[in-house]
Amino acid sequence: MDKSTLEGVRANNHRTMSRVISRIEFDESLKDDFFIDLHEYSTGSIRIGITGPPGAGKSTITDQLISQFMENGKSVGVVAVDPTSPFSGGAFLGDRVRMNRYIWEDKVFIRSMASHGDLGGLARKTQDVGDVLTASGKDIIIYETVGVGQGEHDIAKAVDLTIVVLVPESGDEIQLMKAGLIEIADLFIINKADRDGAHRLAQLLQNMLHISNREENLEPPVFTTIANNGEGIVELYDGIHIHLEKMESSGLLDQKRLDRHRNRVFDLVQEKLLDDFWTSEKRTALEQQTDSIDSIKASPHEISASLLNHE
Ligand SMILES: Nc1nc2c(ncn2[C@@H]2O[C@H](COP(=O)(O)OP(=O)(O)O)[C@@H](O)[C@H]2O)c(=O)[nH]1
Ligand SMILES: [Mg+2]
């Protein structure tokens, strides 16, 4: 990676961007210098995470939002993060085909990214990829991820606005709480409002949010959509902007961005220390000290202390 790579990114060269993103994805070392030089160009975008259960309509909504942003003269970078399987997952392929109608436009860049089972680095990777897309001139970065585990929390940490997509079948209050998506949402969409129960669920959700909301927080708005025919999309698009403005004027957006900045430094330090620590000698020492079932007699605390003190 050298200056010309940065220039390629800045010139919105999608091939260069793809190459850089693959290196981030597969953890092939990119020099700190690259990111240091990139930084001044990487702070101007709005970053939105879209999460929810499989099949809820996240990709369809993303697709509709891309059209809205484009109509309003904005360029968009989309990262579909698949936390469970490598690229070739059926649903993802479908997503890409549907989103492909923009591929010829240099104002839209769409990319899927697998986490390779390593969720640890996901927040960092998605932020690094967001920086690359921002530096290429994208105004809006959208991350789509399936909300079934840990991945959506990493994405929520990496964005300005987290959107949770639910469907009428998403269930009652208890099921919603259990799903663990409530606490990360800044904004909700009940999609598939062509089915029974969408408005009931929207009402239930609004009541829940109203009761549980603490004063200093902004209450997440709830929108209903029928994404596959575009119903409710303009209202959603406007609602996203109104909510972002509220987040901005209340200071919440700055707070989020600052927390993100600080956490990023924290995570990077942690990763670097771990990388430096686990030399091949240390790994060998660990393996030698844990090479048979008998070795479980030794205290893990003692083994770790000896590794930490080992020169
Ligand atoms: N009935 C109905 N189907 C929808 C709606 N939105 C999306 N779909 C369909 O639901 C399926 C899953 O949508 P997709 O966007 O791939 O969901 P994702 O897994 O959350 O990304 C697709 O067949 C869509 O066409 C909607 O509002 N109503
Ligand atoms: Mg999808």
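Criteria and cut-off values
- Residues numbered from 1 in each chain as written.
- Chains lettered and ligands numbered in written order.
- Predicted model: local features only at pLDDT ≥ 70, side-chain atom pairs only at ≥ 80, totals over all residues.
- Heavy atoms only, no water.
- Near = heavy atom within 4 Å.
- Polar contact = N/O pair within 3.5 Å; in protein donor to acceptor, adjacent residues only side chain to side chain.
- Areas by Shrake-Rupley, 256 points an atom, 1.4 Å probe, with all protein chains shown as cover.
- Helix = DSSP H or I, 4+ residues; strand = E, 2+ residues; numbered from the N terminus.
- Nonpolar A, V, L, I, M, F, W, Y, C, P; charged D, E, K, R; others polar.
- Phe/Tyr/Trp six-rings, centres within 6.5 Å; stacked < 30°, edge-to-face > 60°.
- Buried < 20%, exposed > 50% of the residue type's maximum accessible area, 1.4 Å probe, protein only.
- Lys NZ or Arg CZ within 6 Å of the ring centre and 35° of its normal.
- Pairing = 2+ DSSP bridges.
- Axes fitted to C-alpha atoms, helices over the stretch in contact; angles between N-to-C directions.
- 1 Å grid on protein atoms, 1.4 Å probe; cavity = no way out; pocket = protein on both sides within 12 Å on 5 of 7 lines; lining within 4 Å.
- Points joined across faces, edges and corners; volume = space filled by probe spheres on them.

Engineer: Now, about the site of ligand 1: what can you tell me, with residues and values included?
Structural biologist: Around ligand 1, the surrounding shell holds 17 residues, and the nearest of these are G55, G57, K58, T60 and D194. Contact between ligand 1 and N228: a nitrogen atom at 3.4 Å from a side-chain N or O atom of the residue. For ligand 1, the accessible surface in isolation is 580 Å², of which the surrounding protein chains cover 75%. When contributions to the shell around ligand 1 are tallied by element, the ones reaching two or more residues are α4 (58-71) and α5 (90-99). Looking at which element gives the most residues to the shell around ligand 1, the answer is α4, with three residues. In terms of residue class, the shell around ligand 1 is built from five nonpolar, six polar and six charged.

Engineer: So, the packing of aromatic side chains: which residues are in play, and what are the values?
Structural biologist: In this structure the tally under the stated criterion is three aromatic pairs. Each ring, one from F34 and one from F35, has its centre 5.3 Å from the other, and the planes form 75 degrees; the classification is edge-to-face. Where F69 meets Y237, the ring centres are 5.0 Å apart and the plane angle is 70 degrees; that geometry is what we call edge-to-face. Highlighted residues: F69 in helix α4 and Y237 in helix α10 (residues 233-249), separated in sequence by 168 residues. For Y237, a relative accessible area of 7% puts it in the buried group. Just above the ring of Y41 sits the side chain of R10; from NZ or CZ to the centre is 3.7 Å.

Engineer: Go over the sheet that holds strand β3 (residues 108-114) with me, naming the residues and quoting the values.
Structural biologist: Read from one edge of the open sheet, seven strands run β3-β2-β4-β1-β5-β6-β7, paired in parallel fashion. Each edge of the open sheet carries a strand with a single partner, namely β3 and β7 (222-224). If you compare each strand with its neighbour and ignore which way they point, the axes differ by 20 degrees on average. Pairing geometry for strand β2 (residues 76-82) and strand β4 (residues 140-146), over six bridges, is parallel. Bridge pairing in β4 links V79 to Y143.

Engineer: Any chance you could break down the side chain of S136 for me, citing the residues and the numbers?
Structural biologist: Here S136 is to be found in the loop between α6 (122-135) and β4. S136 gets classed as buried once you look at its relative accessible area, which sits at 6%. Separated by 2.7 Å, the side chain of S136 and the backbone oxygen of L133 make a polar contact. In this structure the side chain of S136 is engaged in a polar contact, spanning 3.2 Å, whose partner is the side chain of K138.

Engineer: Go over the layout of surface pockets with me, naming the residues and quoting the values.
Structural biologist: Considering only enclosed or pocket space, the largest pocket measures out at about 880 Å³ in volume. Along the walls of the largest pocket sit 29 residues, with F35, R124, D128, R264 and L268 positioned nearest its centre. Those elements that provide at least two residues to the lining of the largest pocket are α2 (14-25), α3 (32-39), α6 and α11 (252-277). When the residues that make up the lining of the largest pocket are grouped by side-chain class, the tally is seven nonpolar, seven polar and 15 charged. There is about 710 Å³ of room inside the second largest pocket.

Engineer: Requested: an account of the pairing of strand β6 (residues 187-190), with residues and values cited.
Structural biologist: Burial of the side chains of β6 extends over both faces: L187 and I189 are buried on one face and F188 and I190 on the other. Pairing analysis gives four bridges linking strand β5 (residues 161-166) to β6, with the strands arranged parallel. Counted as the bridge partner of V164 is F188 from β6. With three bridges connecting them, β6 and β7 associate as parallel partners. Across the sheet, the residue bridging to F188 is V222, located in β7.

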